[in-house]
Amino acid sequence: MNQVGAALHPQYRSLLTKLQLVTYSKNISSGRSFHGHLLKTGVIPSCVFLCNVLLNFYSKCCFFSDASLFFTDFPCNEDAVPWNVLINAHSQMGLAHHSLSALQLFQQMLHNCTLPNSHTFTGVLSACANLEDHLMARQAHSLVIKFVTATDVFVYTSVLRAYCKLGSLVDGRKVFDEMLDRNSVTWSTMISGYASQGLVNEAFGIFRVLVAGGNEGVNEFVLTGALSAFKSHEFLETGKQIHCLAVKNGLLEIGSVANAVVTMYAKCGNLDDSVQVFEFSNDKNSISWSAMITAYAQSGHGDKSLVLFKEMHYCGMKPNEYTVVGILNACSDIDATNVGMQVHGYLIKSGFESQVYIVTALVDMYAKCGRIIDAQKGFDSLLQPDLVMWTSMIGGFVQNGDNESAISLYCRMQREGIAPNELTLASVLKACSGLSALEQGKQIHAHVVKNGFSLEVPLGSALSTMYAKCGNLDDVNAIFRRMPARDVVSWNAMISGLSQNGLGLEALKLFEEMQLQGVNPDCVTFVNVLTACSHMGLVDKGREYFKSISKNFNIDPTTEHYACMVDILGRAGKLQEAKEFIESAPIDHGLSLWHILLSACRNHRNFELGAYAGERLMELCSLESSGYVLLSSIYSALGRLDDIERVRRMMNIRGVSKEPGCSWIELKNQVHVFVVGDLLHPEIKQARAEIWRLSKLMKDAGHLLEFDSTSEE
DNA sequence: TTAGGGTTAG
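Residues numbered from 1 in each chain as written. Chains lettered and ligands numbered in written order. Predicted model: local features only at pLDDT ≥ 70, side-chain atom pairs only at ≥ 80, totals over all residues. Heavy atoms only, no water.

Asks: Is there a simple way to think about the protein's contact with DNA strand B in this case?
Replies: Within the structure, DNA strand B sits among 45 residues, and R161, N183, N219, F221 and Y357 are positioned closest to it. Of all DNA strand B atoms lying within 4 Å of any protein atom, the proportion belonging to sugar or phosphate reaches 39%. Within the side chain of H119, an N or O atom sits 3.5 Å from a base nitrogen of DNA strand B. D152 places a polar side-chain atom, nitrogen or oxygen, 3.4 Å from a base nitrogen of DNA strand B. Within the surface near DNA strand B, the residues separate by chemical class into 14 nonpolar, 27 polar and four charged. (Near = heavy atom within 4 Å. Polar contact = N/O pair within 3.5 Å; in protein donor to acceptor, adjacent residues only side chain to side chain. Nonpolar A, V, L, I, M, F, W, Y, C, P; charged D, E, K, R; others polar.)

Structure follows, in structure tokens:
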């Protein structure tokens, strides 16, 4: 007999309650023995209702093979309920292969001529979202219109959620606007959808409409969704308003809201308020601790993250994978490789180690702590690294100065068919800048244009810096002017690019323009500005800028700024003034300052002062060979052979060895590297012949060629 | 009285 839609006979009510209990407690052994009892008494298969409940029990306990075995002999599969039970249980697992099973079951259901209903579509849409299957989501949406009443808020919220998860916010908004009925889940889905795509104004706009309609729609889900949108300082005031609203409605008492407020303040640069909300929260769970640990790590207080982690342990709170990622971020922040390695050991023991985002955090930690080989081991351990992992590894190589490996990994990523995002491209562009690999950089630029990437800060800045470092100034300007918004880093990159290419005056003009546009200069800006003055020989201007750092901008000049000033004076031949400047500097004299003066003295042939600077440098126990080499050449010019010998002895005692010089050039998409004394390069003979030819031409033109007395070449 | 939609930590 067909029992589709059958109600439960009152005599089975107690059996239903018992089955629901074992499902809730996921007590598999009790459930199995109960299954046996129902079979013995003949309740199964005769009561279809209880068969559905039993199927739900196996599915909810993730015993999918038992569930499908049971389903094979099902008494009535024209009923949608058992199909829905299986489809929903699979899609709720969130994993790709389960979502695929959910969609296959749906196909079989249609093939079996069982009519889907609203419960079917919630599961199907969720599976489409998990699989990022746009086409299937659209098809499911069409079927929803055909099979489900337009007022069904559950199903239409699922359609909305699927579009949001797939990043199709325009489609999502259309569904939202056309819905005949909405509840708080619909609103929070729309708000979180916008927030997850970084569409802050849209998310906040929807939130405001909801609030304007009265406070009854405002719950913890709506608040957390809205709060998650605010990730930079410009939204701090709005974030504060939502915090106040949460307090007013008594919702800050709810742990998830407090957690979202903690993260919001940290991301908007107000760490003190994060700490306060965290400390006053009475509903702390492991998410709260992880949020605060991560907040510290990402605000540059890795040391405090580690302290809090210990406190968490003393409070008996167990860390989860998010806590671990936060701690690894903290280790990267404070260069605490040892703690990072201990966390790695803990991960191996606890079995967290194989999850992609954990490995990504590990690789990132090792790379940022300069252990690139360990980072690479982590990367190689993954069979299927995701985009974030590829990007992290490429960025790791760049941070460690191995630009060749960064570019070659990017090529491998492309061969494996993984599409890069803005951050990947920004990292590869940095590698191109480091290698002055203009052709490769241009290819990336073409990719940016072809794929419609926006020139937001990371990508726009990386692109203009690449063109600047490769000396292609027209392109730098074009990119820079086209960027929708520029932060201080973008301006710095541009000023540095101009100054490095001999356009110091343009660099200084840009510095003035930057201030007119209301962007405050930072330490790096002044390094670039002073470098521009140095290259242009603008001594007075340099002095003026140097004074203004502390006077007008309230920044304490760093050793780098002092070094720039010594360079300005040194290049201009004002060597005595440079010496007095170093000796009166209210900072640790630092090796770099004497080194710069030493080099300037040699260039200006002031050997006496050069010897003085060189001796100061030796007193500071420099381990860099170039200072010793320069001092030797000065003593050689002064004919002080004993001093040359003394410098050589000092080098030996201190274990300083001269690093071979190295240069490279990119020709026809290949970077050629030349090292001093290199006899292995296939074209070394031709290269040397060319150097001699050019040297002779220079000599004939009256240039005096100077060779380093200690050089082997 | 069997099956369904949302949030915070990377």
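Asks: Is there a simple way to explain the confidence of the model for chain A in this structure?
Replies: The predicted coordinates ought not to be read in detail in places where the model reports low pLDDT. In the predicted model, chain A carries a mean pLDDT of 88, and 95% of its residues have values of at least 70. Counting contacts from residues 707-713, a segment whose pLDDT is below 50, to residues more than four positions away or on other chains yields 13 contacts. (pLDDT = per-residue confidence, 0-100. Contact = heavy atoms within 4.5 Å.)

Asks: Got a minute to help me understand the environment of H681 in this structure?
Replies: Tracing the backbone through its elements, the reader meets H681 in the loop between β2 (670-675) and α40 (684-700). Separated by 598 residues in the primary sequence, H681 and W83 place their C-alpha atoms 69 Å from one another. (Helix = DSSP H or I, 4+ residues; strand = E, 2+ residues; numbered from the N terminus.)

Asks: Can you help me understand α40 in this one?
Replies: In an α-helix, one turn spans 3.6 residues, which is why side chains three or four residues apart end up on the same side. Along its 17 residues, α40 runs 24 Å from first to last C-alpha, staying within 8% of the 24 Å computed at 1.5 Å per residue. Positioned one or two residues after α40, G702 has a phi angle of 100°, which is positive. (Expected span 1.5 Å × (residues − 1).)

Asks: Would you mind showing me how to read the nonpolar core here?
Replies: Across soluble globular proteins, you tend to see nonpolar side chains buried next to one another. Residues L19, L50, F207, L223, F230, M292 and L597 are the most contacted members of the largest nonpolar core, which totals 217 residues. With near-sequence residues (within four places) excluded, M292 lies in contact with V262, L271, S274, V275, F278 and L308. (Core = buried A, V, L, I, M, F, W, Y, C linked by side-chain atoms within 4.5 Å. Buried < 20%, exposed > 50% of the residue type's maximum accessible area, 1.4 Å probe, protein only.)

Asks: Please explain the UniProt feature "repeat: PPR" (unreviewed entry) in chain A as it appears in this structure.
Replies: The positions that UniProt labels "repeat: PPR" (unreviewed entry) are, in the present scheme, residues 152-186, 285-319, 386-420 and 487-521. Structurally, residues 152-186 comprises 74% helix and 0% strand, and the distance from its first C-alpha atom to its last is 11 Å. Overall, residues 386-420 shows 74% helix and 0% strand. The separation of its end C-alpha atoms is 10 Å. (UniProt positions renumbered as here; feature names shortened; annotations may be inferred.)

Asks: When you look at unusual backbone geometry in this model, what are you seeing that I'm missing?
Replies: Negative phi values dominate among residues other than glycine, just as trans dominates among peptide bonds. Of the consecutive residues I44 and P45, the connecting peptide bond is found in the cis state with omega at 10°. Within the secondary structure, P45 is located in helix α3 (residues 43-46). Of note, E132 is a non-glycine position whose phi angle comes to about 50°, a positive value. One can find E132 in the loop between α8 (118-131) and α9 (134-147). Phi is positive for D335, close to 60°, though the residue is something other than glycine. Structurally, D335 is set in the loop between α20 (321-334) and α21 (337-350).

Asks: For this particular structure, what's the right way to read the packing of aromatic side chains?
Replies: Ring pairs (aromatic) are described by centroid distance and by the angle formed between their planes. Evaluation of the coordinates by the stated rule reveals 22 aromatic pairs. Taken together, a centroid distance of 5.0 Å and an interplanar angle of 85° make the contact between F71 and W83 edge-to-face. Remark: W83 occurs in helix α6 (residues 80-92) and F71 occurs in helix α5 (residues 64-72); sequence separation between them is twelve residues. Across the pair, W83 and F71 agree in class, each one buried. What links up through ring pairs into an aromatic cluster is the set F57, Y58, F70, F71, F74 and W83. Seen from the ring of F176, R182 lies directly overhead, with NZ or CZ sitting 4.3 Å from the centre. Stacked on the ring of F278, the Lys or Arg K284 has its end atom at 4.9 Å from the ring centre. (Phe/Tyr/Trp six-rings, centres within 6.5 Å; stacked < 30°, edge-to-face > 60°. Lys NZ or Arg CZ within 6 Å of the ring centre and 35° of its normal.)

Asks: Explanation requested: helix α25 (residues 403-415) in the structure shown.
Replies: For α25, spanning 13 residues, the distance from its first C-alpha to its last is 19 Å, which sits close to the expected 18 Å at 1.5 Å a residue. Within α25 the residues assigned to the buried category are N403, A406, I407, L409, Y410 and M413. Down the axis of α25, the smallest arc covering the buried residues is 160°, so these residues share one side. Buried-residue contacts for α25 involve α23 (372-380), α24 (387-399), α26 (422-435) and α27 (438-450). Looking one or two residues beyond α25, the residue adopting positive phi is G417, at roughly 75°. (Arc of directions from axis to C-beta.)

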